[in-house]
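So the chains spell out like this:
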Amino acid sequence: MTEEKAVTVFRDYLRIKTVHPVPAYDEVVEFLKNLAQEVGIQCSTVEVHPGRMVVVMTIPGSDPSLPSIMLNSHTDVVPVFEDQWICDPFEAKKMENGDIYARGTQDMKSVGIQYIEAIRKLKKENKANFLRTVHITWIPDEEIGGKLGMAKFVQHEEFKKLNVGFALDEGLANPTEAFTVFNGERTVWWVRVKCPGKPGHGSRFIEDNAAEKVRRVINSFLSFRDEQEKKLKTKGCLRLGDVTTVNLTNLKGGVDGSLNVVPSEMFLGFDIRISPTEKLEDFEAMMKNWMKEAGEDVTYEFLQYNPMQGMTSTDQSSPWWSTFSSVFEKLNFKIEIEIFPAATDIRYLREIGIPALGFSPMNKTPILLHDHNEFLNEKVFLKGVDVYCELIPALANVPRK
Ligand code: ZN
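Each chain has its residues counted from 1, running along the sequence as written. At least 70 in pLDDT is required for a residue's local features to be given in this predicted model, at least 80 for side-chain atom pairs to be given and counted, and no such filter applies to totals for whole chains, interfaces and linings, which use all residues. To get the side-chain values, take all heavy atoms of the structure and skip hydrogens and water.

A.B. asks: How should I be thinking about the overall build of the protein chain in this particular structure?
C.D. replies: When you go through the protein chain residue by residue, the secondary structure sums to 10 helices and 17 strands. Considered along the principal axes of its C-alpha atoms, the protein chain spans approximately 85 × 50 × 45 Å. Exposure categories follow from relative accessible area, calculated using a 1.4 Å probe and restricted to protein chains: below 20% of the type maximum is buried, above 50% is exposed, and the middle band is partly exposed. Put simply, the protein chain has 401 residues, and 54% of those count as buried. Shrake-Rupley sampling with a 1.4 Å probe provides the accessible areas, and residues are treated as covered by the protein chains on show and by no other component. Summed over its atoms, the accessible surface of the protein chain is roughly 18,700 Å², and 51% of this surface lies on carbon and sulfur atoms. Looking at the protein chain, you have 48 positive and 57 negative side-chain charges, and the mean spots of the two groups are 2 Å apart. Helix numbers and strand numbers start at the N terminus; a helix is a DSSP run of H or I with at least 4 residues, a strand a run of E with at least 2. Charged residues are defined narrowly, with Lys and Arg counted positive, Asp and Glu counted negative, and His plus the chain ends left uncounted. Where a charge sits is defined by one atom per residue type, namely NZ (Lys), CZ (Arg), CG (Asp) or CD (Glu).

A.B. asks: So what exactly am I meant to see when it comes to the domain arrangement of the protein chain here?
C.D. replies: The figure often quoted for interface size is the accessible area lost as the parts come together. What counts as a domain boundary in this text is fixed by an automatic or database domain assignment. Its domain assignment divides the protein chain into domain 1 (5-171 + 344-396) and domain 2 (187-304). Each of domain 1 and domain 2 was reduced to a C-alpha centroid, and the two centroids are 39 Å apart.

A.B. asks: Help me understand the packing of aromatic side chains in this model?
C.D. replies: Within a pair of aromatic rings, the relevant descriptors are the distance that separates the centres and the angle that separates the planes. A pair of Phe, Tyr and Trp rings is counted when the ring centres sit within 6.5 Å of each other, with Trp represented by its six-membered ring. The angle between the planes then sorts it: under 30 degrees is stacked, over 60 is edge-to-face, the rest tilted. In the structure shown here, the tally under the stated rule is 26 aromatic pairs. Their ring planes at 5 degrees and their centres at 4.4 Å tell us that Phe10 and Phe381 sit as a pair that is stacked. Here Phe10 is found in helix α1 (residues 5-14), whereas its partner Phe381 is found in helix α10 (residues 378-396), with 371 residues between them in sequence. Taking the relative accessible area as the measure of exposure, Phe10 reaches 0% and is therefore buried. Pairing Phe221 with Phe270 gives two aromatic rings, centres 3.8 Å apart and planes at 10 degrees, and the pair type is stacked. Separated by 49 residues along the polypeptide, Phe221 in helix α6 (residues 210-234) and Phe270 in strand β13 (residues 265-274) bring together distant segments of the chain. An aromatic cluster of at least three residues, connected via ring pairs, comprises Trp189, Phe221, Phe224, Phe270, Phe283, Trp290, Tyr300, Phe302 and Tyr305. Each ring is checked for a lysine NZ or an arginine CZ that lies within 6 Å of its centre and within 35 degrees of its normal; such an atom marks a charge sitting over the ring. Geometry around Phe267 places Arg192 over its ring, the cationic atom sitting 4.3 Å from the centre.

A.B. asks: When you look at the environment of Leu222 in this model, what are you seeing that I'm missing?
C.D. replies: You can see Leu222 is positioned in helix α6. Each C-alpha atom of the pair Leu222 and Phe324 lies 40 Å from the other, and the pair is 102 residues apart in sequence.

A.B. asks: Can you walk me through the coordination of the zinc ion in this structure?
C.D. replies: Four donors placed tetrahedrally about a metal ideally form angles of 109.5 degrees, and six donors placed octahedrally ideally form angles of 90 or 180 degrees. Any N, O or S atom lying within 2.8 Å of the metal counts as a donor, and for Na, K and Ca the limit rises to 3.2 Å; water is left out, so some sites can look incomplete. With distances of 1.8 to 2.6 Å, the protein atoms coordinating the zinc ion are His74 (NE2), Asp107 (OD), Glu170 (OE) and Glu170 (OE). Taken together, the four donor atoms coordinating the zinc ion and their angles of 54 to 147 degrees define a geometry best described as irregular. Along the chain, the residues that donate to the zinc ion are spaced as H-x32-D-x62-E. Here Glu170 lies in the loop between β7 (164-169) and β8 (179-185) and His74 lies in strand β3 (residues 68-74), a separation of 96 residues in the sequence. Only four donors with every angle between 85 and 135 degrees are called tetrahedral; only four or six donors with opposite donors over 155 degrees apart and all others between 65 and 115 are called square planar or octahedral, in that order; all others are irregular.

A.B. asks: I'm lost on the sheet that holds strand β4 (residues 93-94) in this one. Help?
C.D. replies: Pairing between the strands of a sheet comes from backbone hydrogen bonds, and it takes one of two forms, parallel or antiparallel. When DSSP locates at least two bridges between a pair of strands, those strands are taken to pair. One open sheet accounts for three strands, arranged β4-β5-β17; its pairing is antiparallel. The outermost strands of the open sheet, each flanked by one partner alone, are β4 and β17 (375-377). When β4 meets strand β5 (residues 99-101), the two strands line up antiparallel, connected through two bridges. Following the sheet pairing, Lys93 is matched in β5 by Tyr101. In the packing of α1 onto the sheet, contacts are made with β4, β5 and β17, and the angle to β5 comes to roughly 20 degrees. In what follows, residue pairs with any heavy atoms lying within 4.5 Å of each other are defined as contacts. Geometry is summarised by axes, namely lines fitted to C-alpha atoms with helices restricted to the contacting stretch, and by angles between N-to-C directions that run from 0 to 180 degrees.

And the structure:
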């Protein structure tokens, strides 16, 4: 049976080992340059850091003065445990039912190829003439936090020249008929708490010791965690992204092998994911209060701090949202709005004020990102191309305000 061109391109892309810790970035840049040439669209590269290249494909609009549409994806993928897979994770094996198995099928090599294959299709039908310029961007290093990828790119002169007005980036699969769209993300904070105290001999009742403070700090954080967990479990309408998670992920202190020494300081590390429904300043005020209650001189520092909570409007008054949602109405596809439970490169766009939605067109698909045996069915993949064939022209033709 002959295979659709889009599927072949997708599988070729999956075979490029852009897997951490040493992704084949040179190879992927070559692949993308060739692909752009084949489809007949402009392509340029921006070296945002030595060895870190962003590929930008451009379809110029009829009014280049209007803010453009950015269709973003990252080219890197997370490592695999090969022995846990039913086939080679970089072979892009297609099963009889059309399921394609490979690392990156869901996260997010599918989306990048869907953008460009939609453009190929629209060009063929002579429908790729848009009002606004469209940029398809391919970013390295998303999976390791984007510090040398998107974070650098958004500060680059070449990015500013793109004049981005609205962006699409990754979402998650949805096991039901519906598609999920993400209008916000939780904010990640990593907090290290220092609890100093009076040292002494392990045989005595030492007042104001570090462990007592550690206990109070843990109690405060984990009681809050209990409340949030309860809220999530009892209110049926809430998703993980609607509540704040707190996890004690690190615990240090004491002298190894000398368990009779009460130490003069102990440290705690927390991974905190703050829901956009919670105000950051309120959360920090609460945290400061917990430190005060824990005892004298308990302090904290941020190992990771994000000051922003970007939410993209899903109000009909937003032309981007009304256009986005009207496409799904037209196609008669159901969409569910959610807050992304983790962090992606989209935060760098929202932080500089660019409205952006996280969307990967994968319905009827289990969520398998970063998991063993990640797969996507070719029919679902191709339906995604069709979704973009509607979505891209609609967004690129949003008139001037
Ligand atoms: Zn991703």
